[in-house]
Amino acid sequence: MSAVLEPPVPAIDKNKEEVETVTIRFAGDSGDGMQLTGTQFTNTSAIVGNDISTLPDFPAEIRAPAGSLPGVSGFQLNFSSQDIRTPGDQPNVLVAMNPAALKVNLPDLEEGGTLIINSDEFTKENLERAAYKSNPLEDGSLAGYRVHTLPISTLNSNALKGTVELSRKEISRCKNFFALGVLYWLYDRPLDPTLNWINAKFRKNPELAKANEVVLKTGYNFAETTEVFTTAYTIKKAVIAPGRYRKITGNEATAIGFVTAAELAGRTLFYGSYPITPASDILHELARHKNFGVKTFQAEDEIAAVCAAIGASFAGHVGLTGTSGPGVALKQEAIGLAVMTELPLVIVNVQRGGPSTGLPTKTEQADLFQAVWGRNGECPALVVAPATPADCFNMAIESVRLAFKYMVPVFYLSDGYLANGAEPWAVPAIEKLPRIEVTFATNPTNFMPYARDEATLARPWALPGTPGLEHRIGGIEKQNITGNVNYDPENHQLMVKLRQEKVDRAVADVPPLEVFGEPKGKVLVLGWGSTYGSITSAVEKMQKEGKPVSSAHLRYLNPFPGNLGEVLRNFETVIVPEMNLGQLCTMIRAKYLVDAVAFSKVKGRPFQIREIIRKVEEYL
Amino acid sequence: MNTQGNGTNGNGHVDQSVSAESEGGASLFHIAPPPGELTKKDFVSNQEVRWCPGCGDYAILNNVQKVMPDLGIPREKMVFVSGIGCSSRFPYYMNTYGFHGIHGRAPAIATGIKAANPDLSVWVITGDGDALSIGGNHFVHVLRRNLDINYILFNNRIYGLTKGQYSPTSVFGQRTKSTPMGVIDYPLNPLSLAIASEATFVARSIDIDVKHLGAMVEAAAKHKGVSFLEVYQNCNIFNDGAFDYFAERSVRPDKVLYLEHGKPMLFGKDRNKGIRMKGALPEVVTIGENDVTEADILVHDIYLEDPSVAFMLARMEQPEFPQPVGIFRSINRTSYDQLLVEQIDSAIAKSGPGSLDKLINTGDMWTVE
Amino acid sequence: MICPSCGYDNIEGADRCDECLTPLFNLDTPQTDTATSLARSVMEDDLSKLENEFLAVAPDTVAAEVVDQMKQARLGCALVLENGKLIGIFTERDLLSKLTGAAALPRTTPIKQLMSANPEFLRETDSIASALNKMSLGRYRHIPVQKPDGTYYVTSIKHVLKYLARSQW
């Protein structure tokens, strides 16, 4: 391997500093491999025992021109010796592989943050493409940061000159491993996990494997020996419960969760869906699991997708449909049909910025009202919402269990942040997962399609093909018990109330709400969905300072946990941070007559920990 | 409460049709005697039929109930799915499994049912508004996917249930509740659209031609793949006599062409009129005039892969042409539900049955001691 | 789309390889053919896209002085301007042919007697292709270029090569 740079004489003394938490954002052109780089760094960090949380930032355009602003792709990673729950409020370090990446991401970098820049890419053309009037490396605009400009492209190609049989383009693609090597030294990471990965993945391409290996080591040595970096940082192992872990994103966990749910119920999964950002990946993932018998159906539109799922449910499959906000709007009439026919149905909504087409790639949680009340008539459905990417697995299983038990549609509210964010997941032992009980009607004697279970008020699930149980269901109001079409006024009121009562009774399956911190105090921060990470981290921080603040997180939104009212009453002020204009807040104000405070952020971005702290302090 | 009732007590119009005989020969309409224990009565539900007296739907219901026992399918395996409309009340009157869904979406619901359980015999009952207006999208896709279901469209050229608005098949200039100055839309031809949507079985019949309708329903049921059947159905309240100009008994022989596979396309009281190709277009000729013999008449072939002839027949309208009824097209293509199962089977053959253990323990993994 | 790094067969249009995350972005977008791209650029880009140099002397400046200035500035060409008007050009070639060897003229000769008078020049708005054309037909390595405001500078084969050698076409 040709080392371009000789270690300077005399050797420079390098410091090693210990830090608790670091947030790095890798940013470059879509072709620069920042997702690969970020993922490798993340995996290595997990292997050495840090807690991790990541969030990718995909390019806005499908195929933007190289070096352009819409082509910037980013990957943010937070790793720590503590238990962390968010990918970090602001990056401490920004690795910018080209001017456009710097332009797009610099505003997020913390004051005095570290910049590692590939100076080779700061050419006249690239600066123009990034709409820079002058070169930021020269015009003093980066004065407030710790800037390290490295000619990464040159160092990369020099490292490989003469050592491998690769074209200039192929050599250029290795430069992200150089950057990775530099960062590995900077944060005291071992090279072995990535080296092993390179040799495993690229075994069919030994020249490339060798090149990446060489470049990784060169980057590492470069950082170690040159004057560019005088300090390396160590981050101790976090205290993590022992076990087997895997990295998982919300969408992955959602898909795996539903496959598992179907297996636990012993039924086939039917997924009716239509491509929509950010839910399409669930369709892609489920379509790969045909060997579980999973039937994925890409329908002609959103309505066909949910109707097919309802049909499949009628025939005894797990009827599942998935979409984002605009899709739910289209599906509501059909969901009403499922409520009226009292069939199990799970509707996954990976929420995104709205209204209308809104911000397809940005996160939001403004579809709560839609889930609870968005249908014509009195049309109650159950609503659940996972709190973290890994929780998506649990709530997927839970939503199927509830749908089957109460013969009712269940909304599963995820969002873009959960869908794409990743965190470690302690893989469960399959044998320990409880089966989902399902019983089907079989006895024709005195069979009544709308006879009700005493406890749950659910009607029997009678599958077509079962002799003697032939019956008709539909959207017109039904007579209780017999299920015949019926317009009688008393019957209608009775049925409306029964359907509501049935949903209310699901509270029996909602675990009591747990409070994080003291059960009584000055402030309770109440959240739902993906705000869990920011809220819990903020509250934990304040609790360490002795502040009288607690938090609670709702994973069941209809019905609410039975003890929610009591929990709310134990605090002087209830603050509800939400990525909407106060939907949960409105619901609890209405139901519990509590003067809760809505803390809204509708920017297409998750809450920062500091934002929540600042808000809470107003009430302390 | 509901009274015990038999849905076949119609008056006048319906009685006449029951005894009417269709032209075209007995061979077409011979229905085999029932093989099993089921009879028509088994298929009649206990719901009192609420269609208007004299509605064409009675005839269709009657016919379908008569045909069901001959299909050899157990009653519990039958599912009737409908949307919204008068026709869509159909499932309530069949003593089978039924799903009265939302407007226009029956094909989608039926797709889910059939995909979940391909052993079921799934029927979609719909109307011209339900299928072609709000349901236009699903119409195309359920046909092109070739789900092995039977799709019966009751075309009465009007919106009956909502009391008389025009539909996509209403005649240009028709005066209706929502178009008092006349319809200004050009109507849609359901068979054209069905053929264009790649339907593998396309047929048409008339509500009052009991024998023919029965034969068509049976043929549709027996066809493997999607079976599309349009039935001209008279709405005697909001669009009475809409089809009389060709369907009325006295004119029918001269105005309706009964298509039969392998037979020349002949019609007329004396069966001396026929369809002949003149270049690329069809024309009506009379045998004996201008040296036209029966050999010149186009012979019907329902098994042609190329849909052009079927499409051409579907476009034939009065007054230039007779109204064709019968099976227009019947080709074989593997159905969606079968392909779905095959893919799953081949996935299992390739990767083994799914293992949750493997599913969960994939991706970037590590152990914490 | 076969991943160039690990060989995995990805579904067409995948953003990055499912196996190894190598980005596939630049591989499925049509890449412009270098030759046509280059040919188009030299036709479309004008001389303002080239770097340039500038050294001017007065017509009465003696040869020795001109040569000295050229040496100091490390340039191979001097423009001879009279009242801002371009009247001649003196290059390394002129130096070689007229100031060295047996028939060398004295170094005190005013440059106006040694220069190539009324040289061909191009306008800044002319294409790079026209510069290439002039240089190849006239066997020049330097070409004076007139800016819209009437002033001059020199561009040379060296600058054209730098333009051609850029990495992205």
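What you see is a predicted model; the values in this text were computed from it and never measured. Numbers given for residues are sequential positions, taken from 1 along each chain in its written order. Naming scheme: in the order in which they are written, chains are lettered from A and ligands are numbered from 1. The predicted origin of the model limits local features to residues at a pLDDT of at least 70 and limits the giving and counting of side-chain atom pairs to 80 or more, whereas totals for whole chains, interfaces and linings rest on all residues. Hydrogens and water molecules were not included; the side-chain quantities draw on all heavy atoms of the structure.

1. A word on the overall build of chain C
Scanning chain C for helices and strands turns up six helices and seven strands. Where helices and strands are cited, they refer to DSSP runs of H or I of at least four residues and of E of at least two residues respectively, numbered from the N terminus. Listing each helix as α and each strand as β along chain C from the N terminus yields α-α-β-α-β-β-α-β-β-α-β-β-α. What you see for chain C is a C-alpha radius of gyration of 24 Å, clearly larger than the 15 Å of a compact globule of 169 residues, by over 25%. For every residue, the accessible area obtained with a 1.4 Å probe (protein chains only) is divided by the maximum for its type, and the residue is called buried under 20%, exposed over 50%, and partly exposed between those limits. Looking at chain C as a whole, 40% of its 169 residues are labelled buried. Throughout, a residue-residue contact means that at least one pair of heavy atoms, one from each residue, lies within 4.5 Å. Summarising the internal contacts of chain C: among those between residues at least 6 apart in sequence, 51% fall at separations of at least 24. It is over C-alpha atoms that the radius of gyration is taken, and the globule rule equals 2.2 Å times the number of residues to the power 0.38.

2. As for the overall build of chain A
Per the secondary structure count, chain A includes 20 helices and 23 strands. A globule of 620 residues ought to have a C-alpha radius of gyration of about 25 Å, and chain A, at 27 Å, matches this closely. Projected onto the principal axes, the alpha-carbon positions of chain A cover approximately 95 × 55 × 50 Å. The buried share of chain A, reckoned over its 620 residues, is 62%. Once local pairs closer than 6 in sequence are excluded, the contacts in chain A between residues at least 24 apart make up 76%. With an accessible surface of roughly 23600 Å², chain A has 51% of that area assigned to carbon and sulfur atoms. Here the positive residues are Lys and Arg and the negative ones are Asp and Glu; neither His nor the chain ends is included. Charge positions come from single atoms, namely NZ of Lys, CZ of Arg, CG of Asp or CD of Glu. Within chain A, the 67 negative side-chain charges are centred at a point lying 2 Å from the centre of the 61 positive side-chain charges. Under the convention used here, a 1.4 Å probe and the Shrake-Rupley method define accessible areas, while residue burial counts only the protein chains that appear.

3. A word on a nonpolar patch on the surface
Residues and elements named next belong to chain B. Only residues above 30% relative accessible area that lack a salt bridge enter a patch, with like-charged residues linked at up to 9 Å and the nonpolar side chains Val, Leu, Ile, Met, Phe, Trp and Tyr linked at up to 5 Å. Each salt bridge in this description consists of a side-chain nitrogen of Lys or Arg and a carboxyl oxygen of Asp or Glu lying within 4 Å of one another. A contiguous nonpolar surface patch, about 500 Å² in accessible area, is contributed by Val171, Phe172, Ile184 and Tyr186. Examined against the element boundaries, Tyr186 turns out to sit in the loop between β4 (150-155) and α6 (190-196). Classification of Tyr186 by relative accessible area gives exposed; the value is 70%.

4. Things to note about the interface of chain A and chain B
On the side of chain B, 59 residues touch chain A, which itself brings 71 residues to the contact. Two parts lose some accessible area (1.4 Å probe) when they are put together, and adding that loss for both gives the buried area. Regarding the contact of chain A and chain B, the summed buried area is about 5300 Å², with carbon and sulfur atoms giving 64% of it. The interface formed by chain A and chain B holds three salt bridges in total. Residues Arg145 of chain B and Glu300 of chain A are paired through a salt bridge, measuring 2.8 Å at the closest nitrogen-oxygen approach.

5. Considering the packing of aromatic side chains
Aromatic rings from Phe, Tyr and Trp, taking only the six-membered ring of Trp, are treated as a pair when their centres fall within 6.5 Å; an angle between ring planes under 30 degrees marks them as stacked, one over 60 as edge-to-face, and anything in between as tilted. Counted according to the given criterion, the structure contains 34 aromatic pairs over all chains. Here Phe178 of chain A and Phe222 of chain A contribute two aromatic rings whose centre-to-centre distance is 5.8 Å and whose plane-to-plane angle is 55°, an arrangement assigned as tilted. Taken together, the residues span a long stretch of sequence, with Phe178 of chain A in helix α6 (residues 175-186) and Phe222 of chain A in helix α8 (residues 206-225) at a distance of 44 residues. Looking at Phe222 of chain A, the relative accessible area reads 9%, which means it is buried. Plain terms: the ring middles of Phe121 of chain C and Tyr152 of chain C are 5.7 Å apart, the flat faces sit at 90° to each other, and that makes the pair edge-to-face. Of the two residues, Phe121 of chain C is situated in the loop between β4 (116-117) and β5 (122-123) and Tyr152 of chain C in strand β7 (residues 152-156); the sequence distance between them amounts to 31 residues. By relative accessible area, Phe121 of chain C is classed as partly exposed at 30%. Relative accessible area serves as the criterion here: at 10%, Tyr152 of chain C is assigned to the buried category. We call a charge positioned above a ring when the Lys NZ or Arg CZ atom is no farther than 6 Å from the ring centre and deviates by at most 35 degrees from the ring normal. A cation over an aromatic ring shows up here: Arg459 of chain A above the ring of Tyr450 of chain A, its NZ or CZ 5.0 Å from the ring centre.

6. Some remarks on unusual backbone geometry
In this structure, Pro355 of chain A follows Gly354 of chain A across a cis peptide bond, with omega equal to -5°. Counting through the fold element by element, Pro355 of chain A comes out in the loop between β13 (345-351) and α13 (368-373). The omega torsion across Gln318 of chain B and Pro319 of chain B is -5°, close enough to zero to call that bond cis. Positive phi, normally seen in glycine, also occurs at Ala131 of chain A, with a value near 60°.

7. Overview of the domain arrangement of chain A
All names here are of chain A. Where each domain begins and ends is defined by an automated method or by a domain database. The assigned domain composition of chain A is domain 1 (3-234), domain 2 (246-432) and domain 3 (515-617). For domain 1 versus domain 3, the separation of C-alpha centres amounts to 37 Å. Residue-level contacts link five residues of domain 1 with 10 residues of domain 3. Carbon and sulfur atoms supply 38% of the area that domain 1 and domain 3 bury against each other, a total of about 750 Å² over both sides. Taken as a group, Arg85, Thr86 and Asp89 account for 73% of the area that domain 1 buries against domain 3, more than any other trio of residues on that side.

8. Considering the environment of Arg610 of chain A
All names here are of chain A. With respect to the element layout, Arg610 can be found in helix α20 (residues 609-617). As a C-alpha pair, Arg610 and Lys541 span 69 residues in sequence and 9.9 Å in three-dimensional space. Residues contacting Arg610, with those up to four places away along its chain left out, are Asp89 and Gln90. One polar contact links Arg610 to Gln90, side chain to side chain, over a distance of 3.2 Å. In protein, a polar contact means a hydrogen-donor-capable atom and an acceptor-capable atom, both N or O and within 3.5 Å, with residues adjacent in sequence counting only if both atoms are side-chain atoms; elsewhere, any N or O pair within 3.5 Å suffices.

9. As for the environment of Tyr153 of chain C
Residues and elements named next belong to chain C. Summarising the element assignment, Tyr153 is placed in strand β7. In the structure, Tyr153 is positioned 59 residues away from Asp94 in sequence and 19 Å away in space, judged by C-alpha atoms. With residues near it in sequence (within four places) discarded, Tyr153 still touches Leu47, Ser48, Asn52, Glu53, Phe54, Leu79, Glu124, Ile143, Pro144, Val145 and Lys147. One polar contact links Tyr153 to Glu124, side chain to side chain, over a distance of 3.0 Å.

10. Some remarks on empty space enclosed by the protein
Detection works on a 1 Å grid of protein atoms alone, calling trapped sets that fit a 1.4 Å probe cavities and calling open sets with protein on both sides within 12 Å along at least five of seven lines pockets, with lining residues defined by an atom within 4 Å of a point. Grid points are joined across faces, edges and corners, and a volume is the space filled by probe spheres set on the points. This model, assessed by the stated rule, comprises six cavities of 30 Å³ or more. Taken as a whole, the largest cavity encloses approximately 140 Å³ of empty space. In terms of lining, the largest cavity is formed by 17 residues, of which the most central are Arg173, Leu208 and Asn212 of chain A together with Ser5 and Thr22 of chain C. Elements supplying a minimum of two residues to the lining of the largest cavity: α6 and α8 of chain A. Residues are grouped as follows: nonpolar covers Ala, Val, Leu, Ile, Met, Phe, Trp, Tyr, Cys and Pro; charged covers Asp, Glu, Lys and Arg; every other residue, Gly included, is treated as polar. Taken together, the residues of the lining of the largest cavity break down into seven nonpolar, seven polar and three charged.

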